[in-house]
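Analysis of the macromolecular model
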Amino acid sequence: MLYPIELAAVTASAIYGVLLGLRKGFDAVGLATVAMAVAFGGGTLRDLLLDRRPLFWVENEHFLWIVLALALIGATLPHRLTAIERRLALPDALGLGLFSVAGAAYAVQADMPLLTSALMGVITGAFGGVIGDVICNETPSLFRPSPLHATCALVGALAYILLDRSGCPQGLAQTAGILLASTSRMLAIRFNICLPARQAPASEEEGG
Amino acid sequence: MLYPIELAAVTASAIYGVLLGLRKGFDAVGLATVAMAVAFGGGTLRDLLLDRRPLFWVENEHFLWIVLALALIGATLPHRLTAIERRLALPDALGLGLFSVAGAAYAVQADMPLLTSALMGVITGAFGGVIGDVICNETPSLFRPSPLHATCALVGALAYILLDRSGCPQGLAQTAGILLASTSRMLAIRFNICLPARQAPASEEEGG
Amino acid sequence: MLYPIELAAVTASAIYGVLLGLRKGFDAVGLATVAMAVAFGGGTLRDLLLDRRPLFWVENEHFLWIVLALALIGATLPHRLTAIERRLALPDALGLGLFSVAGAAYAVQADMPLLTSALMGVITGAFGGVIGDVICNETPSLFRPSPLHATCALVGALAYILLDRSGCPQGLAQTAGILLASTSRMLAIRFNICLPARQAPASEEEGG
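Residues numbered from 1 in each chain as written. Chains lettered and ligands numbered in written order. Predicted model: local features only at pLDDT ≥ 70, side-chain atom pairs only at ≥ 80, totals over all residues. Heavy atoms only, no water.

As for the overall build of chain A
From N to C terminus, chain A includes 9 helices and 0 strands. Order of helices (α) and strands (β) in chain A, N terminus to C terminus: α-α-α-α-α-α-α-α-α. Each of the three principal axes of chain A carries a C-alpha extent, and together these read 45 × 45 × 30 Å. Expressed as a percentage of contacts within chain A between residues at least 6 apart in sequence, the contacts between residues at least 24 apart total 77%. Roughly 8300 Å² of accessible area belongs to chain A as shown, and the carbon and sulfur atoms make up 67% of that amount. Taking the 13 positively charged and 15 negatively charged side chains of chain A as two groups, their mean positions are separated by 9 Å. (Helix = DSSP H or I, 4+ residues; strand = E, 2+ residues; numbered from the N terminus. Contact = heavy atoms within 4.5 Å. Areas by Shrake-Rupley, 256 points an atom, 1.4 Å probe, with all protein chains shown as cover. Lys, Arg positive; Asp, Glu negative; His and termini not counted. Charge placed at Lys NZ, Arg CZ, Asp CG, Glu CD.)

Some points on the relation of the copies chain A and chain B
What connects the two chain copies is a rotation about an axis and a shift along it. Under the fitted operation, chain A is carried onto chain B by 0.0 Å of movement along the axis and a turn of 120°, and the coordinates agree to an RMSD of 0.0 Å. Seen this way, the second copy is the image of the first under a three-fold rotation axis. Looking at the rotation axis and the C-alpha trace of chain A, the residue lying nearest is A:Leu48, at 4.3 Å. (Least-squares fit on C-alpha atoms with pLDDT ≥ 70 in both.)

Examining the nonpolar core
Among the nonpolar cores identified, the biggest contains 168 residues, and A:Phe40, A:Trp57, B:Phe40, B:Trp57, C:Phe40 and C:Trp57 are the most heavily contacted of them. Every residue in contact with B:Phe40, bar those within four places of it in the chain, is listed here: B:Val10, B:Phe56, B:Trp57, B:Phe63, B:Leu64 and B:Val67. (Core = buried A, V, L, I, M, F, W, Y, C linked by side-chain atoms within 4.5 Å. Buried < 20%, exposed > 50% of the residue type's maximum accessible area, 1.4 Å probe, protein only.)

Brief notes about the environment of B:Ile123
Residue and element names in this part refer to chain B. You can see Ile123 is positioned in helix α7 (residues 114-135). Ile123 sits in the buried class, given a relative accessible area of 17%. Through-space distance from the C-alpha of Ile123 to that of Leu163 is 20 Å; in sequence the pair is 40 residues apart. When near neighbours in sequence (up to four residues on either side) are disregarded, Ile123 contacts Gly42, Leu45 and Leu49.

So, the interface of chain A and chain B
Contact with chain A, which involves 26 residues of that partner, is made by 34 residues of chain B. Counting each side, the surface lost to burial between chain A and chain B is near 2400 Å², with a carbon and sulfur contribution of 63%. For the salt bridge of A:Asp51 with B:Arg53, the shortest nitrogen-to-oxygen distance reads 3.1 Å. On the surface where chain A and chain B come into contact, there are 3 residue pairs in polar contact (both at pLDDT 80 or more). Within the residue set of the side of chain A that touches chain B, elements represented by two or more residues are α2 (28-50), α7 (114-135) and α8 (150-165) of chain A. Element by element, the count of residues in the side of chain A that touches chain B is highest for α7(A), at 5 residues. Class assignment of the residues belonging to the side of chain A that touches chain B gives a composition of 17 nonpolar, 3 polar and 6 charged. (Buried area = accessible area lost by both parts, 1.4 Å probe. Salt bridge = Lys/Arg side-chain N within 4 Å of Asp/Glu carboxyl O. Polar contact = N/O pair within 3.5 Å; in protein donor to acceptor, adjacent residues only side chain to side chain. Nonpolar A, V, L, I, M, F, W, Y, C, P; charged D, E, K, R; others polar.)

Considerations on the confidence of the model for chain A
One rule of thumb: low pLDDT means the predicted coordinates there are not for detailed reading. All names here are of chain A. When pLDDT is averaged across chain A, the result is 89; 90% of the residues are at 70 or more. The weakest mean pLDDT in chain A belongs to helix α5 (residues 81-87) at 80; the strongest belongs to helix α6 (residues 89-109) at 97. Low pLDDT (under 50) marks residues 201-208, which in the prediction has 9 contacts with non-local residues, meaning those over four places away or in another chain. Two numbers describe this predicted complex: its pTM, 0.89, and its ipTM, 0.85. (pLDDT = per-residue confidence, 0-100.)

A short note on the environment of B:Arg46
Residues and elements named next belong to chain B. Tracing the sequence through the fold places Arg46 in helix α2 (residues 28-50). As for Arg46 and Ala104, which are separated by 58 residues in sequence, their C-alpha atoms are 9.5 Å apart. Dropping the residues within four chain positions of it, Arg46 is found in contact with Glu6, Arg52, Phe56, Ala102, Gly103, Tyr106, Met120 and Thr124.

A word on the packing of aromatic side chains
Each aromatic ring pair is summarised here by two numbers: the centre-to-centre distance and the angle between the ring planes. Residues and elements named next belong to chain B. Evaluated as defined, the whole model comprises 15 aromatic pairs over all chains. With a centroid separation of 5.9 Å and 80° between ring planes, the pair formed by Phe40 and Phe56 is classed as edge-to-face. Here Phe40, found in helix α2, pairs with Phe56, found in helix α3 (residues 56-59); they are 16 residues apart in sequence, far enough to count as distant. For the residue pair Phe40 and Phe56, the accessibility class agrees, reading buried in each case. (Phe/Tyr/Trp six-rings, centres within 6.5 Å; stacked < 30°, edge-to-face > 60°.)

Some details on a nonpolar patch on the surface
Together, A:Leu90, A:Leu94 and A:Met186 give the surface a local cluster of nonpolar side chains, amounting to about 230 Å² of exposed area. Mapped onto the fold, A:Leu90 is located in helix α6. (Patch = residues over 30% accessible without salt bridge, like charges linked within 9 Å, V, L, I, M, F, W, Y side chains within 5 Å.)

A closer look at α8(A)
Spanning 16 residues, α8(A) covers 22 Å between terminal C-alpha atoms, matching the ideal 22 Å at 1.5 Å per step. Where α8(A) is buried, its residues contact α6, α7 and α9 (170-190) of chain A together with α2 of chain B. (Expected span 1.5 Å × (residues − 1).)

Describing the packing of α6(A) against α7(A)
Residue and element names in this part refer to chain A. At their nearest, the axes of α6 and α7 sit 7 Å apart, and the two run at 145° to each other. As α6 packs across α7, the resulting crossing turns out to be right-handed. The residues of α7 that touch α6, namely those facing Leu96, Phe99, Ser100, Gly103, Ala104, Ala107 and Val108, are Ser117, Met120, Gly121, Thr124, Gly125 and Ala126. Taken together, the residues that form the contact of α6 with α7 break down as 7 nonpolar, 6 polar and no charged. (Axes fitted to C-alpha atoms, helices over the stretch in contact; angles between N-to-C directions. Left-handed = near helix turned anticlockwise from the far one by under 90°.)

Observations regarding unusual backbone geometry
The step from B:Arg53 to B:Pro54 runs through a cis peptide bond, and the omega angle for that step is -10°. Checked against the element boundaries, B:Pro54 lands in the loop between α2 and α3. Although it is not a glycine, A:Asn192 adopts a positive phi angle of roughly 50°. Looking at the secondary structure, you find A:Asn192 in the segment after α9. Within the chain, B:Asp51 stands out as a residue other than glycine whose phi angle is a positive 60°.

Let's talk about the side chain of A:Asp47
Residues and elements named next belong to chain A. Looking at the element boundaries, Asp47 is found in helix α2. Residue classification places Asp47 among the buried residues on the basis of a relative accessible area of 0%. In terms of polar contacts, Asp47 uses its side chain to reach the side chain of Arg46, at 3.0 Å. Once residues within four sequence positions are removed from consideration, Asp47 is found in contact with Arg52, Leu55 and Phe56.

Comments concerning the environment of A:Leu81
Residue placement: A:Leu81 occurs in helix α5. For the pair A:Leu81 and A:Arg23, spaced 58 residues apart in sequence, the C-alpha to C-alpha distance is 6.3 Å.

Some words on the side chain of C:Asp92
Mapping C:Asp92 onto the fold places it in helix α6 (residues 89-109). With near-sequence residues (within four places) excluded, C:Asp92 lies in contact with C:Tyr16, C:His149, C:Arg185 and C:Ile189.

Points about helix α9 (residues 170-190) of chain B
Residues and elements named next belong to chain B. Compared with an ideal rise of 1.5 Å per residue, which puts 21 residues at 30 Å, α9 spans 30 Å between its outermost C-alpha atoms and is within 8% of the ideal. By the burial criterion, the buried members of α9 are Ala173, Gln174, Gly177, Ile178, Ala181, Ser182, Arg185 and Ala188. Mapping the buried residues of α9 onto a view down its axis gives an arc of 140°, with all of them on the same face. Opposite the buried face of α9, by more than 90 degrees, sit the exposed residues Leu172, Leu179 and Arg190. Asn192 lies just past α9 and shows a positive phi near 50°. (Arc of directions from axis to C-beta.)

Written out as structure tokens, the structure is:
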């Protein structure tokens, strides 16, 4: 039932991961590693936490082939780095939205309560990107000086869960959650929408 | 049986996580993430390693609400950063002591041998803080130029296990382990007690 | 059946981890942590992904004693840091080769398909080293400007799986896979063999 969503989520996330790695000049193995980490990281953590086996990418082995093929294409096709920057937003937002709804749906299937289900959606949607950032040595965009990220996953996952609970048909609830999460992420990037935060005084920060 | 210990451990660790995040100027989502990472990280890793489901914070969903409420309080209440520094030590030490005994107790329940049980205690007690440090971009305090941390968790976990094996009542063995770990951590911070280490010659270090 | 391979893998990896930590000037707890992370990290992740319990180092508790003993020896024996650098390559390569074949063998036993089995080999062989690098605050050697690492694990794991599938006796298939992975890793370090990568223009890198 969740197969088409996961297929799209894996594809979008792998493209995002390959673009991240290309920006850093990674070789083919590095690209494949980032792409796998971004595309499989969140769902794997969710599967471990929910004790779901086989893992979603073991159950669908062709997901692995898709990610490796995209990494190979990224390693061989010519590209301009300036063009990558502008192309990161869409696969990022799609992966976030698709994975957060898929994650919430698995948690609902496993009879998790509301807040835990929403959190599983956030973990599934946002964790892959965080690992990608860590691998690429950037401060995870989950944290302060960056547009809304986990918040979008939370909004999408909550919308899906509440619509599902109120008797809305699966397909509609899923579509609404995905659109809400992905669109809000796109808007947050476009207009640089951040949560309010107190600035840490420079004198108290160490390591920058 | 371990419920009151875990409740106190989650609360203390979440407070520590919120303070860590405030020091870095994180927004509400960042604060919630650090607080969840510190409060749930060690116990989740232990549950995964011991194959315990539901996870301790899924079994007690209100733990999640407590952590989120503390993060929200941290994000809204006014505070002075200089006061945070001095308030980090107590919740850190309490979380370490409570979680290391709880972790060791779960491992003993699962019939793990001595050393493995002690290690589970150390992982449960110390891992959350390590994740918090990694998220906040600091060199994990587990390592060199910092007061005893994992060592305190080890001492407390070992004390609990040995007292429990020698027929001491649960409550007494737990209290002794918690006090030993938390007090030694407080003392280590207060008097800056570190393990001896060879200084790595500056000329051989890379990346500082 | 895999016991002697894992025993050797744990020993080699723990030595590598202790040397890594000594180079950083870690104290005894730090050395034990790095050694455990390098020796147990990859296999633990594999066991979690394959849902194998007890974990390989819980099943064989003396693995833990071996690692701790090596950390203690490292913390007490006198050594020269200049000598460490030259001694890192052999335990690194042996650990990589032994663990990648052991990881692939467990995956084959669990009826995983070809690509997933090979990936489990790579994860088991390479992940410990990556964690070690992260703990020691170095850019993981898995990534760009470094000799082949995951690639060697992949070659060894694939060789083992294909030989095993073609009816080759276990011992022979294992030996061939281990030799292939370890030797190629030694050669990659010795002659600085890297995969081709596009250089990321300096102007587009942030954070160095």
